[in-house]
Amino acid sequence: MSTELPPVAPEVLAEAVENLTARLRKKLDAAIEGCAAGAALEADGSVTIRFGEDALVTLRPGPSGTVTEAGQATCSCLLAPRCLHRAAALGAAPLADAAPPPPPAEQPEPEAPTESVPPEPTGPAPVLTEAQLGAAAALWHAAAEALAAGVTAGGAVVQAELLRAAHTARLAGLPRAEAAALRVVRGLRAARERRATQRLGALTGAFRELLHTAGVLASGTADPALTGTARRAYAPGGSLQVHGLCREPVLSATGYGGVVTHLLAPDGARYSVSDVRPGGLARARGAGSASVALGGAVLDHAGLARGGLRIVGATVSAEGRLGAGREVRATPLRGTLWTEQPAAPLFARPAAEAVAELLADPEGAESALLGCDVTVVGAAGEHLLVREARPGAPLLRLLPAHPHPELPHTANLRRIAGYPGLQLRVLGRPDLDRAATLRPLAVGPVPGAPYILRLPEEWLGRADLGYDRLQGIHFPPQADAPGPVPAVEGPDPLADSPLWRVRRLLETGVAGGRRAVAESARGTASLASFGPLRRAGLTAAAELSAALAAEADRRPRNAFGRLTDPSPDGYAWAWLAAATHLAAAERSLVAASWTATPDGAMPTAR
């Protein structure tokens, strides 16, 4: 039975690869294969990997369970520490999140590394330092090289260059750029290992964000939203009164698991309390009923999701996360129904208006919640089709907030799909990458409707889809169903738009690198691809795609056959321009898909 390798800090792996000779670097990808399967856990907690008879690599993670220093990875061969065995073992291990700086004493320890959060602007825009400009330029170059290589050639050496540039960005105070680089490296690893969870579209989006962030910073633009902050800064929040909305399991690809409980203040401000730590699925499932570590409150997360807190001396992060400092005091409050204040206004606003607002400000869209009343239509493949309870509203697609089979999201939606005509009050997160799609976190009955859920009284009128399992007793008799619900599902604006040709070209570049894009530009293939874009009136998309294909195929050489311009910058800028335009166009189509039409179908798009 193989032992799971401990996570490795990015800078440790980058240094190990940099110390290899050119000859050993060519062998690194082959050496990494099979390392994890041969790992063995020792009695002292270290992990060993044997390479032949004379080489034994030992990984001794620190108290955090992560290899954070070069000395924690050793090899018994004569070339150590500049040996292929040590670099291969580190390359086979999971990539750890960058450790945040030590928090002040009055603030809680961070539960898990997270996305960087842009600080609130308080004055004139800052000026980037020379170190930041140099770090951003180095990261841009590493990202451009990785994009030109693609997944097929983006092995351990290319990834190590990205990791070294990301570490330099972190030291220079550019945590958002570092986080974007780590997402790209993880995506490259997942794609090369052909993991089931790997999505080429997600890696394409990660490349777009990395190139955009690094490119703009390298130009000297000191936008606080692009520099980011290394960790959540908690500021005094005074006295607060918050009421529970729902709880959501958290399960990350880096081995963290836990729960986030979403809260709402009487003035409509959003807050949350999280408990996310290493532990994966088991931690995510158990944290839903774990105690809330906030000011001595005698509540668990299940109780807080249906109750409330009065907090004195609160500390709050920029995105509304409540801290558990020593001076914080909290007392429980009675729970409130979704039909009461402060939750009721969440369900009174048309969903299309809320989505349009989120698309206009995508920075806060990832954590935003949307509420609406819907009528169940039925299942359509992996989707649950519902219709918002408004005249002429389009069909909406509900997808599991987390598709892991051990979490009840998928099972709950499948059971709901068996009750056409059921009227639901849904609270979820809109998926802004899909047409009219909502990922529900909790559901409840629609007030005053005849065919609704029958939830236990102690659930206070809602079921958390990530923790509560809906059973037959929670549904009305099917004999009382109002009859078949008409479903006129129009075409998917994103899938049916010719923009898929641009998306395919960009993803081809991510998968096969610059050479694959160049191949698509030769012969009549490019005319067949870009012609439909022009005929549909998408002239800008056609021009940018053609420019990308031409730049990919531009490889000028001198009389001796050597490249006269080996830099990948021109290709990276052309790719980024097409990707940025595509993202903006798709956002417009997503906004249109939520708009009501006369027949209630999804609107078509050119």
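Provided above is the structure to which this section pertains.
Right, let's walk through the structure included here. Everything quoted here is computed from the prediction, not taken from an experiment. (Residues numbered from 1 in each chain as written. Predicted model: local features only at pLDDT ≥ 70, side-chain atom pairs only at ≥ 80, totals over all residues. Heavy atoms only, no water.)

**Focus on the packing of aromatic side chains**
Thought 1: Summed over the entire model, instances satisfying the criterion amount to 4 aromatic pairs.
Thought 2: Taking the centre distance of 6.5 Å and the plane angle of 70 degrees together, the rings of Phe207 and Trp575 count as edge-to-face. A residue pair is termed long-range when its members are at least 10 positions apart, and Phe207 in helix α8 (residues 200-218) and Trp575 in helix α18 (residues 569-593) qualify at 368 residues.
Thought 3: Residue classification places Trp575 among the buried positions, given a relative accessible area of 0%. (Phe/Tyr/Trp six-rings, centres within 6.5 Å; stacked < 30°, edge-to-face > 60°. Helix = DSSP H or I, 4+ residues; strand = E, 2+ residues; numbered from the N terminus. Buried < 20%, exposed > 50% of the residue type's maximum accessible area, 1.4 Å probe, protein only.)

**Quick look at the pattern of salt bridges**
Thought 1: Enumeration over the complete set of coordinates arrives at 22 salt bridges.
Thought 2: Here Arg192 ties to Asp29 by a salt bridge, and the two come within 3.7 Å at their closest N and O atoms. Of this pair, Arg192 sits in helix α7 (residues 175-193) while Asp29 is found in helix α3 (residues 28-32), placing the two residues 163 residues apart along the sequence.
Thought 3: The class for Asp29 is partly exposed, based on a relative accessible area of 31%.
Thought 4: Glu340 serves as the salt-bridge partner of Arg334, at 3.9 Å between the closest nitrogen and oxygen.
Thought 5: Taking the relative accessible area as the measure of exposure, Arg334 reaches 59% and is therefore exposed.
Thought 6: Overall, Glu340 belongs to the partly exposed group, its relative accessible area being 28%. (Salt bridge = Lys/Arg side-chain N within 4 Å of Asp/Glu carboxyl O.)

**Focus on the sheet that holds strand β4 (residues 73-75)**
Thought 1: Read across the sheet, 4 strands follow the order β1-β2-β3-β4 without closing on themselves; strand pairing throughout is antiparallel. In the strand order of this sheet, the two ends are held by β1 (39-41) and β4, each with one partner. The average angle at which neighbouring strand axes cross in this sheet is 20 degrees, direction not considered.
Thought 2: Alignment of strand β3 (residues 55-59) against β4, held across 3 bridges, turns out to be antiparallel. Bridge pairing links Val57 to Cys75 in β4. (Pairing = 2+ DSSP bridges. Axes fitted to C-alpha atoms, helices over the stretch in contact; angles between N-to-C directions.)

**A closer look at the side chain of His409**
Thought 1: Residue position: His409 is located in helix α13 (residues 409-417).
Thought 2: Once residues lying within four places of it in the same chain are set aside, the contact partners of His409 are Pro249, Pro400, Ala401, His402, Pro440, Leu465 and Gly466. (Contact = heavy atoms within 4.5 Å.)

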